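# Survey of secondary and tertiary structure
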Amino acid sequence: MNTAIPLVDLAAQQKEIHEEVMAGLDEVFATTAFIGGKPVGEFERAYAEATDVAHCVGVANGTDAVELALRGVGVRAGGEVIIPANTFVATAEAISRIGAVPVLVDVDDEHLLIDPDLIAAAVTGRTQAIVPVHLFGQVAPVERVLEVAGDIPVVEDAAQSQGATRFGRFAGSLGAVAGTSFYPGKNLGAAGDAGAVTTQDGEMAGRIRVIASHGSARKYDHEVVGMNSRLDTVQAVVLNAKLRRLAGWNERRREAAARYATLLADVDGVRAPRSAEGNVDVWHLYVVRVAERDAVLRSLNEAGIGAGIHYPTPVHLTRAYADLGLERGSFPVAEQAADQILSLPLYPHITQAQQEQVVAALRAAVAAHGVRTEVSTAS
Ligand SMILES: *Cc1c(COP(=O)(O)O)cnc(C)c1O
């Protein structure tokens with residue numbers, strides 16, 4: 001009998017870490033060290049090591065992490081920051097909150113990541129940073145972005161790619177600084193909101209830590225106008241337990257992605273994702289492309305398959321960013337992709353039987369809606 005299959009299954013993760021987390025929480029509550037307790041420093045050291053960087057600053061969420069990373073490289077009000085048109089809106093929000101302006105460029109059709117060839121045309125005298133986003137668990141071609149960037153700092157948005165590597169180097173270690181998110185559904189997820197900034201630069205890490213803690217390194221000595229964005233001790237307990245399992249869970253995601261690739265090979269009309277050369281991706285999302293996507297998605301949901309869309313509206317077409325004045329047609333690849341992308345359920349504990357059920361439902365939906373030929377690449 002078929003049962004419902006969720007897009008992500010956090011309960012299975014929770015079960016694995018339950019005892020460890022409860023013991024850790026008991027200690028936090030016993031010591032009442034809710035801010036800056038021992039687990040926070042432990043996590044920052046462990047996450048820096050796992051990302052192969054010298055410094056990690058735990059913060060309150062991923063959007064703050066990206067904002068703090070941008071402030072760390074000197075992004076100010078009135079500046080411009082280049083980002084891909086296809087990303088979660090938070091990348092743009094982090095820029096807007098500083099009073100800077102997001103400048104969008106289109107993505108490449110194969111991986112839907114920032115297209116390095118389009119960056120140079122977007123650079124102006126006001127450009128203060130470039131943000132490649134490691135979307136869907138991939139790693140963006142940061143080495144090519146760095147080439148175009150010259151002296152402009154490159155700030156990674158690594159929210160969807162904890163543990164992914166490109167030519168052996170970790171997402172979050174490739175630019176000047178990176179922001180990441182531990183939103184519960186991310187590959188490394190807290191039990192609520194959390195995030196981190198990673199960098200090799202100790203001076204920058206120190207400045208970011210000051211900004212994130214009311215602009216002070218010592219209590220009541222406020223050097224700059226800061227903000228309150230700290231990693232809760234309670235979240236650090238959860239993150240420590242999950243970080244120990246992240247590599248194993250990412251490996252299971254890769255196995256699941258490989259199974260999907262096999263199962264989808266003979267499903268006409270569905271374009272399966274592929275890893276870029278040099279990448280070991282961590283499959284935060286498994287995003288296929290299909291024509292008649294909305295109808296196919298409805299059929300899947302009716303069949304109890306928790307498929308979704310990441311993301312239905314490119315940043316420039318959201319109402320929030322109508323002010324950018326960028327009409328439909330501005331970024332053809334991102335816009336076409338937004339109409340075709342479909343995220344299939346994928347999480348470390350998904351079973352082969354569940355994946356077979358997803359693909360059977362997808363095959364039926366595609367046939368029912370007359371999708372015959374694979375969506376063509378944009379030209
Ligand atoms: C999740 C996410 C963020 C923001 O993280 P929050 O913790 O939700 O603030 C930023 N960028 C990308 C690409 C994300 O996926």
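Just so you know, these numbers come straight off a predicted model, no measurement behind them.

Rules behind the numbers
- Residues numbered from 1 in each chain as written.
- Predicted model: local features only at pLDDT ≥ 70, side-chain atom pairs only at ≥ 80, totals over all residues.
- Heavy atoms only, no water.
- Near = heavy atom within 4 Å.
- Polar contact = N/O pair within 3.5 Å; in protein donor to acceptor, adjacent residues only side chain to side chain.
- Nonpolar A, V, L, I, M, F, W, Y, C, P; charged D, E, K, R; others polar.
- UniProt positions renumbered as here; feature names shortened; annotations may be inferred.
- Helix = DSSP H or I, 4+ residues; strand = E, 2+ residues; numbered from the N terminus.
- Buried < 20%, exposed > 50% of the residue type's maximum accessible area, 1.4 Å probe, protein only.
- Contact = heavy atoms within 4.5 Å.
- Pairing = 2+ DSSP bridges.
- Axes fitted to C-alpha atoms, helices over the stretch in contact; angles between N-to-C directions.
- Phe/Tyr/Trp six-rings, centres within 6.5 Å; stacked < 30°, edge-to-face > 60°.
- Right-handed = clockwise from strand over helix to strand, strands pointing away.
- Domains from an automatic or database assignment.
- Buried area = accessible area lost by both parts, 1.4 Å probe.
- Salt bridge = Lys/Arg side-chain N within 4 Å of Asp/Glu carboxyl O.
- Parallel < 35°, antiparallel > 145°, perpendicular 65-115°, else oblique.
- Left-handed = near helix turned anticlockwise from the far one by under 90°.

## What to know about the site of the ligand
Taken together, 13 residues are adjacent to the ligand, and Gly62, Thr63, Asp157, Ser181 and Lys186 come closest. Aspartate 157 places a polar side-chain atom, nitrogen or oxygen, 2.7 Å from a nitrogen atom of the ligand. In this structure, an oxygen atom belonging to the ligand sits 2.8 Å away from a side-chain N or O atom of glutamine 160. Residues that form the shell around the ligand fall into these classes: four nonpolar, seven polar and two charged.

## What about the UniProt feature "modified residue: N6-(pyridoxal phosphate)lysine" (unreviewed entry) in the protein?
Per the UniProt record, "modified residue: N6-(pyridoxal phosphate)lysine" (unreviewed entry) is annotated on Lys186. When you line up the elements, lysine 186 lands in the loop between β8 (177-181) and β9 (195-199). A relative accessible area of 12% means that lysine 186 is categorised as buried. In this structure lysine 186 touches Ala159, Gln160, Gln162, Ser181, Arg253 and His284, once residues within four positions along its chain are discounted. Among the polar contacts listed, one links the side chain of lysine 186 to the side chain of serine 181, at a separation of 3.4 Å.

## A closer look at the sheet that holds β9
In a beta sheet, neighbouring strands pair by backbone hydrogen bonds and run either parallel or antiparallel. Pairing is mixed across the open sheet formed by four strands, whose spatial order is β1-β9-β8-β5. Looking along the sheet, the strands with just one partner apiece sit at the ends: β1 (55-59) and β5 (155-157). Averaged over all pairs of adjacent strands, the angle between their axes in this sheet comes to 20 degrees, without regard to strand direction. Pairing of β1 with β9, which is carried by five bridges, proceeds in the antiparallel orientation. The residue of β9 that forms the bridge with glycine 58 is alanine 196. Sheet strands touched by helix α2 (residues 38-51): β1, β8 and β9. Its angle to β1, the strand with the most contacts, is close to 125 degrees. Along the sheet, helix α3 (residues 62-72) contacts β1, β5, β8 and β9; its crossing angle with β8, the most-contacted strand, is approximately 170 degrees.

## A word on the environment of leucine 362
Along the chain, leucine 362 turns up in helix α10 (residues 352-368). In this structure leucine 362 comes out as buried when scored by relative accessible area, which is 0%. Sequence separation between leucine 362 and isoleucine 305 is 57 residues; the distance between their C-alpha atoms is 9.2 Å.

## As for the packing of aromatic side chains
Ring pairs (aromatic) are described by centroid distance and by the angle formed between their planes. For the structure shown, the criterion picks out seven aromatic pairs. Note on tyrosine 47 and phenylalanine 182: the rings are 5.3 Å apart at their centroids and 85 degrees apart in plane angle, and the pair reads as edge-to-face. Here tyrosine 47 is found in helix α2, whereas its partner phenylalanine 182 is found in the loop between β8 and β9, with 135 residues between them in sequence. The class for tyrosine 47 is buried, based on a relative accessible area of 5%.

## Observations concerning the pairing of strand β3 (residues 101-105)
Successive side chains on a regular strand alternate, one facing one side of the sheet and the next facing the other. Most of β3 sits out of view: four of its five residues are buried. As judged from the five bridges shared by strand β2 (residues 80-84) and β3, these two strands associate in the parallel manner. Each residue of the ladder has a partner; that of proline 84, found in β3, is valine 105. For the crossover from β2 across helix α4 (residues 90-98) to β3, the handedness is right-handed.

## What about the domain arrangement of the protein?
You can read the domains of the protein as domain 1 (10-239) and domain 2 (246-368). A straight line from the C-alpha centre of domain 1 to that of domain 2 covers 24 Å. For the pair domain 1 and domain 2, the two sides together bury roughly 3,200 Å², of which 57% comes from carbon and sulfur. Of the charged contacts in the structure, one is a salt bridge between aspartate 109 and arginine 271, with a shortest N-O distance of 2.9 Å. Here domain 1 and domain 2 share 25 residue pairs in polar contact (both at pLDDT 80 or more) between them. Secondary structure elements with two or more residues in the side of domain 1 that touches domain 2: α1 (10-31), α4, β3 and β6 (165-166). Per-class residue counts for the side of domain 1 that touches domain 2 are 18 nonpolar, 14 polar and eight charged.

## Quick word on the packing of α3 against helix α6 (residues 202-212)
The N-to-C vectors of α3 and α6 enclose an angle of 125 degrees; their axes lie 9 Å apart at closest approach. Comparing their axes, α6 and α3 come out oblique. Like other packed secondary-structure pairs, α3 and α6 cross with a definite hand, here right-handed. Of the residues in α6, those in contact with Leu68, Ala69, Arg71 and Gly72 of α3 are Met204, Arg207, Ile208, Ile211 and Ala212. Residues that form the contact of α3 with α6 fall into these classes: six nonpolar, one polar and two charged.

## Observations regarding the side chain of threonine 233
Tracing the chain through its elements places threonine 233 in helix α7 (residues 233-264). Side-chain polar atoms of threonine 233 contact the backbone oxygen of alanine 33, separated by 2.7 Å. Residues in contact with threonine 233, not counting those within four places in the same chain, are Val28, Ala33, Phe34, Ile35, Gly36, Gly37, Pro39 and Val40.

## Observations concerning the packing of α7 against α10
For the pair α7 and α10, the least separation of the axes is 10 Å and the interaxial angle reads 40 degrees. The crossing of α7 and α10 is right-handed. Judged by residue contacts, Ala256, Arg259, Tyr260, Leu263 and Leu264 of α7 engage Gln352, Gln355, Glu356, Val358, Val359, Leu362 and Arg363 from α10. A breakdown of the residues in the contact of α7 with α10 according to their chemical character gives seven nonpolar, two polar and three charged.

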